[in-house]
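Read off the chains here:
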Amino acid sequence: MIPPTSLPPTFAIKMKILMVCLGNICRSPIAEGILQHKCKEQGLLWEVDSAGTNGYHNGEPPHYMSQEVSILNGVDISGQRSMTFKAEAFDQFDLIIPMAADVMREIKYIAKEKYDPQKVQLLLNYSLPGKDMDVPDPWGRSEAAFHEVYGLIEEACEAMIRKHTSKKQP
Ligand code: 4NP
């Protein structure tokens, strides 16, 4: 676990972050849950939400396996409901975080002229800089795949908090 931060006021800004995957039922709900949980632990005033680019599961709770691996790690994501990614997210959020390259392409396609590359960063580039790696899609796969996804997302969320609370950041 990252030790609690004692940040000066300039680093205690209220960032708004949107985690995005395809269905918003497997990966991005885990990412939303983990980052919210860690922000709460550390007293960070970040707002974290999630969305999916395909809209197939609108209004549904997270996949039962995403809920299970999260609760096993002390993170309750049962209250989340899937929603569709909209271009207006670029007006509402400071950071838009796709779980994978195909999701990033969908975000670009949906956002059109609102797309702002400065706001977009692949999640795993926080923990594995410059590698442009995907969080693999666990949909239809085993429980082990969901555990692997959880671990990858957790490491990236910890790296994200380190990066955006570092004094080196503008
Ligand atoms: P997710 O996984 O993007 O991590 O939520 C998926 C869930 C559902 C579908 C695709 C990916 N789907 O096509 O319904």
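Notes on the structure in this doc start here. (Residues numbered from 1 in each chain as written. Predicted model: local features only at pLDDT ≥ 70, side-chain atom pairs only at ≥ 80, totals over all residues. Heavy atoms only, no water.)

**Comments concerning the overall build of the chain**
Within the chain one finds six helices and three strands. Helices and strands appear in the chain in the N-to-C order β-α-β-α-α-β-α-α-α. Taking 170 residues into account, the globule formula puts the C-alpha radius of gyration at 15 Å, and the chain, at 15 Å, falls close to it. Taking the principal axes of its C-alpha atoms as reference, the chain extends roughly 45 × 40 × 30 Å. (Helix = DSSP H or I, 4+ residues; strand = E, 2+ residues; numbered from the N terminus. Rg over C-alpha atoms; globule rule 2.2 N^0.38 Å.)

**Quick notes on the sheet that holds strand β3 (residues 95-98)**
Pairing is parallel across the open sheet formed by three strands, whose spatial order is β2-β1-β3. With one partner strand each, in any of the chains shown, β2 (47-52) and β3 form the two edges of the open sheet. Across the sheet, the axes of successive neighbouring strands diverge by a mean angle of 25 degrees, strand direction being ignored. Note: strand β1 (residues 16-21) against β2, six bridges, orientation parallel. The residue of β2 that forms the bridge with V20 is A51. (Pairing = 2+ DSSP bridges. Axes fitted to C-alpha atoms, helices over the stretch in contact; angles between N-to-C directions.)

**A closer look at helix α1 (residues 27-42)**
The terminal C-alpha atoms of α1 lie 23 Å apart, and with 16 residues this matches the ideal 22 Å at 1.5 Å per residue to within 8%. Counting buried residues in α1 gives 12 out of 16 residues, a clear majority hidden from the surface. Every buried residue of α1 is listed here: R27, S28, P29, I30, A31, E32, G33, I34, L35, K38, C39 and Q42. Positive phi appears at G43, one or two residues downstream of α1, with a value of about 70 degrees. (Expected span 1.5 Å × (residues − 1). Buried < 20%, exposed > 50% of the residue type's maximum accessible area, 1.4 Å probe, protein only.)

**Focus: the site of the ligand**
Around the ligand lies a shell formed by C21, L22, G23, N24, I25, C26, R27, N54, Y56, H57, D137 and W139. Separating an oxygen atom of the ligand from a side-chain N or O atom of R27 is a distance of 2.8 Å. A distance of 3.1 Å is found between an oxygen atom of the ligand and a side-chain nitrogen or oxygen belonging to D137. Burial of the ligand by the protein amounts to 91% of the accessible area it has alone, namely 350 Å². In terms of residue class, the shell around the ligand is made up of six nonpolar, four polar and two charged. (Near = heavy atom within 4 Å. Polar contact = N/O pair within 3.5 Å; in protein donor to acceptor, adjacent residues only side chain to side chain. Areas by Shrake-Rupley, 256 points an atom, 1.4 Å probe, with all protein chains shown as cover. Nonpolar A, V, L, I, M, F, W, Y, C, P; charged D, E, K, R; others polar.)

**Considerations on the nonpolar core**
Core analysis: the largest hydrophobic core is formed by 34 residues, its most contacted members being M19, L35, W46 and I153. Taken together, the elements giving at least two residues each to this core come down to β1, α1, α2 (64-72), β3, α5 (124-127) and α6 (143-165). Dropping the residues within four chain positions of it, W46 is found in contact with I13, M15, I17, L35, C39, M160, I161, H164 and T165. Counting 15 residues, the second-largest nonpolar core is a separate cluster that includes A51, A100, A111 and V120. (Core = buried A, V, L, I, M, F, W, Y, C linked by side-chain atoms within 4.5 Å. Contact = heavy atoms within 4.5 Å.)

**Structural notes on the side chain of N125**
Within the secondary structure, N125 is located in helix α5. A polar contact is formed between the side chain of N125 and the side chain of D132, at a distance of 2.8 Å. Apart from residues no more than four positions distant in its own chain, N125 is found in contact with G130, K131, D132 and M133.

**Section: the packing of aromatic side chains**
Scanning all chains against the criterion turns up two aromatic pairs. Consider the rings of F85 and F90, whose centres lie 6.2 Å apart with planes at 85 degrees: the pair is edge-to-face. Summarising the aromatic geometry, the rings of F90 and Y115 are spaced 5.5 Å apart at their centres and angled 55 degrees between planes, so their arrangement reads as tilted. Separated by 25 residues along the polypeptide, F90 in helix α3 (residues 89-92) and Y115 in the loop between α4 (101-111) and α5 bring together distant segments of the chain. (Phe/Tyr/Trp six-rings, centres within 6.5 Å; stacked < 30°, edge-to-face > 60°.)

**Remarks on the pairing of β1**
Residues in a regular strand point their side chains to alternate faces of the sheet. Along β1, five of the six residues are buried, which leaves the element largely enclosed by surrounding structure. Pairing of β1 with β3 involves four bridges; the strand directions are parallel. Within β3, the residue paired with L18 across the bridge is I96.

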